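# Per-entry structural report
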Amino acid sequence: MYAIVKTGGKQYRVERGQRLLVERLAVAEGADVALEPILYRSEETVFDKAGLANVKVTAKVVAHVRGEKLRVFKFKPKRGYKRRTGHRQDLTQIEVTEITAAGAKARAKAAPAKAAPAKASAAKAPTAKAPAGEAKTTSATKETASDGS
């Protein structure tokens, strides 16, 4: 069972017990955070808004850290222009503690019951439709009639 969550403008595939670094969250260390699920996968896949309303992904903030230093070097040839700066991103280390889907099992039992009537209606004789060729010729004659006016 896993979920894809969105935090800090990025998406992460998470499982229970997994630790990961995300953009800095404005939460104290040791606090719990609810992450926004985008997809939930267990025996079935849930990615619609109604289904995701029942999915809860919680994580515990382990620590606030800073990423490694990135060197930024700007250089323009023949002008004597050189600039060297650095950047360290503020990050939060979290551990996923729980991934739950409240209505997933109830929906799984209800889905086969709905599928049976759908198969029965598909077994009925199909209704006769006008061939696609006739529809095209009528629209083509309408176009030529409008061009001649």
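For the structure itself, consult the block above.
Residues numbered from 1 in each chain as written. Predicted model: local features only at pLDDT ≥ 70, side-chain atom pairs only at ≥ 80, totals over all residues. Heavy atoms only, no water.

### As for the environment of phenylalanine 73
Mapped onto the secondary structure, phenylalanine 73 falls in strand β7 (residues 70–76). Separated by 10 residues in sequence, phenylalanine 73 and arginine 83 have C-alpha atoms that sit 5.7 Å apart. Not counting residues up to four positions away in its chain, the partners in contact with phenylalanine 73 are Lys82, Arg83 and Arg84. (Helix = DSSP H or I, 4+ residues; strand = E, 2+ residues; numbered from the N terminus. Contact = heavy atoms within 4.5 Å.)

### Structural notes on the nonpolar core
Nonpolar side chains tend toward joint burial in soluble globular proteins. Counting residues in each nonpolar core, the largest one holds 19 residues, and the members touching the most others are Val14, Leu20, Leu35, Val57, Ile94 and Ile99. In terms of residue count, strand β6 (residues 55–66) provides more of this core than any other element does, 4 residues in total. With sequence-adjacent residues up to four places away left out, valine 57 is seen in contact with Ala3, Val5, Val14, Val33, Ala34, Leu35, Pro37, Val96, Glu98 and Ile99. (Core = buried A, V, L, I, M, F, W, Y, C linked by side-chain atoms within 4.5 Å. Buried < 20%, exposed > 50% of the residue type's maximum accessible area, 1.4 Å probe, protein only.)

### What to know about the packing of aromatic side chains
Counted according to the given criterion, the structure contains 1 aromatic pair. Directly above the ring of tyrosine 81 sits lysine 76, whose terminal nitrogen or CZ lies 5.0 Å from the centroid. (Phe/Tyr/Trp six-rings, centres within 6.5 Å; stacked < 30°, edge-to-face > 60°. Lys NZ or Arg CZ within 6 Å of the ring centre and 35° of its normal.)

All we've got here are geometric facts, nothing functional implied.
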